[in-house]
Amino acid sequence: MIDSYFKNFEKGIVIKGKTAAKASIKKGGKKSAAKRKIDALMLKDALTPIIPFNLAIDTVRPVDSGGFSPEGVDLVVYRKYCPDLISLMGGYVPCELVYGLYHIVQDLTRDSLTGILDIIATAKKLNMFTDAEEPNNIHLPSFVIAANTKYKFDELKNDIIEYYLSKNIEYRYEMDILMVLQKGVVVKNWREKRSFIALETMDDTAMWFYILMSEYLDMERMISIDFRKYVKKDVIYNEY
């Protein structure tokens, strides 16, 4: 059933790196292992048929009414509003319509982990400071998809927790799900603060990532969008 669908899912979102094409050679005459590379457009095409029908996914930028649009977001899942929404917003998606932020990491190392967690913490602040009187605490789920890593999963989980402790970052700015292709997932444990669960799911990784991700995308959100907040023209019109 569902596990059969994801049997070759990961192959459909990666391309071989240049090292494979050139059959690069390490010292000693041995061929270097070709690293996989996740293609954002291929990932978009793979996820499009399996996300809820009322949502869309694209390589666009999220934005709040204050004009803040964080860097480092590769894909955005958002609620369908009208066919010309992206054109209407000049290539952006209003954060009120965002259901998920996707971040792609080609090689997950200690340095790149720190970098992506920084990016996520910043991205999750969308719409947090646009209205001082009524701060909007929209939860924006963040999903990390990594192609390669040498991390052991217990060490990966510990480094994630250590990062948040050392930076004293609020738990609402933490990442929600991290997937390493064909290795496993690290999931935020909402029952406790500063808690994550690491699972070595191997060949079932894409399936479990999808199942866990769907729990976030299926949440009901009673948030309306006010396009007046996105108008930045200092014009006084004649009123009669």
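Residues numbered from 1 in each chain as written. Predicted model: local features only at pLDDT ≥ 70, side-chain atom pairs only at ≥ 80, totals over all residues. Heavy atoms only, no water.

Enquirer: I would appreciate a short explanation of the overall build of the chain in the present structure.
Expert: Within the chain, the secondary structure is distributed over 7 helices and 11 strands. When burial is assessed residue by residue, the chain has 45% of its 240 residues classed as buried. Contacts in the chain between residues far apart in sequence, at least 24 positions, make up 65% of those at least 6 positions apart. Carbon together with sulfur atoms contributes 52% to the accessible area of the chain, which is approximately 14100 Å² in total. (Helix = DSSP H or I, 4+ residues; strand = E, 2+ residues; numbered from the N terminus. Buried < 20%, exposed > 50% of the residue type's maximum accessible area, 1.4 Å probe, protein only. Contact = heavy atoms within 4.5 Å. Areas by Shrake-Rupley, 256 points an atom, 1.4 Å probe, with all protein chains shown as cover.)

Enquirer: Is there a simple way to think about the packing of helix H5 (residues 110-123) against helix H6 (residues 153-167) in this case?
Expert: Packed helices, taken two at a time, are described by their axes: the angle between them and the distance between them. Interhelical geometry of H5 versus H6 gives an angle of 50° and a closest axis separation of 11 Å. Compared by their axis directions, H5 and H6 come out oblique. Between H5 and H6 the crossing geometry is right-handed. Residue-level inspection shows Arg110, Leu113, Thr114, Leu117 and Asp118 of H5 in contact with H6, the latter providing Leu156, Asp159, Ile160, Tyr163 and Tyr164. Tallied by class, the residues present in the contact of H5 with H6 amount to 6 nonpolar, 1 polar and 3 charged. (Axes fitted to C-alpha atoms, helices over the stretch in contact; angles between N-to-C directions. Parallel < 35°, antiparallel > 145°, perpendicular 65-115°, else oblique. Left-handed = near helix turned anticlockwise from the far one by under 90°. Nonpolar A, V, L, I, M, F, W, Y, C, P; charged D, E, K, R; others polar.)

Enquirer: Would you explain the pairing of strand E7 (residues 98-108) in this entry?
Expert: Consecutive side chains along a regular strand alternate between the two faces of the sheet. Taking burial as the measure, the 11 residues of E7 include 9 buried ones, the bulk of the element. Bridge count for E7 against strand E8 (residues 142-149) is 7 bridges, and the pairing is parallel. When the sheet's bridge partners are listed, Ile104 is paired in E8 with Ile145. (Pairing = 2+ DSSP bridges.)

Enquirer: Any chance you could explain the environment of Lys7 here in plain terms?
Expert: Tracing the backbone through its elements, the reader meets Lys7 in the loop between helix H1 (2-5) and strand E1 (14-16). For Lys7, a relative accessible area of 68% gives the class exposed. Note: C-alpha distance between Lys7 and Ala206 (199 residues apart in sequence) is 8.4 Å.

Enquirer: Looking at this structure, how should I read the nonpolar core?
Expert: Soluble globular proteins: nonpolar side chains tend toward being buried together. In terms of nonpolar packing, the biggest core is built from 33 residues, with Leu47, Tyr102, Phe209, Met213 and Leu217 touching the most fellow members. If one sorts the elements of this core by residue count, helix H7 (residues 205-217) sits on top with 8 residues. Residues within four places of Met213 in sequence aside, it is in contact with Leu47, Tyr102, Phe143 and Ile177. With 24 residues, the next largest nonpolar core counts Val105, Met175, Val186 and Phe196 among its residues. (Core = buried A, V, L, I, M, F, W, Y, C linked by side-chain atoms within 4.5 Å.)

Enquirer: Is there a simple way to think about H5 in this case?
Expert: What sets the pattern is the α-helix's 3.6 residues per turn: residues three or four places apart point alike. Helix length check: H5 (14 residues) gives 20 Å between terminal C-alpha atoms against 20 Å at 1.5 Å per residue, within 8%. Turning to H5, its buried residues are Leu113, Ile116, Leu117, Ile120, Ala121 and Ala123. Down the axis of H5, the sector holding all buried residues measures 165°, keeping them to one side. Looking at the buried positions of H5, the neighbouring elements they touch are E7, E8, H6 and strand E9 (177-180). (Expected span 1.5 Å × (residues − 1). Arc of directions from axis to C-beta.)

Enquirer: Would you take a moment to explain the confidence of the model for the chain for this structure?
Expert: Reading fine detail from the predicted coordinates is not recommended where pLDDT is low. This prediction gives the chain a mean pLDDT of 89; 90% of its residues lie at or above 70. Averaged over each element, pLDDT in the chain is lowest for helix H2 (residues 18-21) (47) and highest for E9 (98). Contacts for the low-pLDDT stretch residues 19-29, under 50 throughout, to residues beyond four places or in other chains number 11 contacts. (pLDDT = per-residue confidence, 0-100.)

Enquirer: For this particular structure, what's the right way to read the environment of Ile161?
Expert: Tracing the sequence through the fold places Ile161 in helix H6. The class of Ile161 is buried, set by a relative accessible area of 17%. Taking the C-alpha atoms as reference points, Ile161 and Ser195, 34 residues apart in sequence, are found 7.2 Å from one another. The residues touching Ile161, leaving out its near neighbours within four places in the chain, are Arg194 and Phe196.

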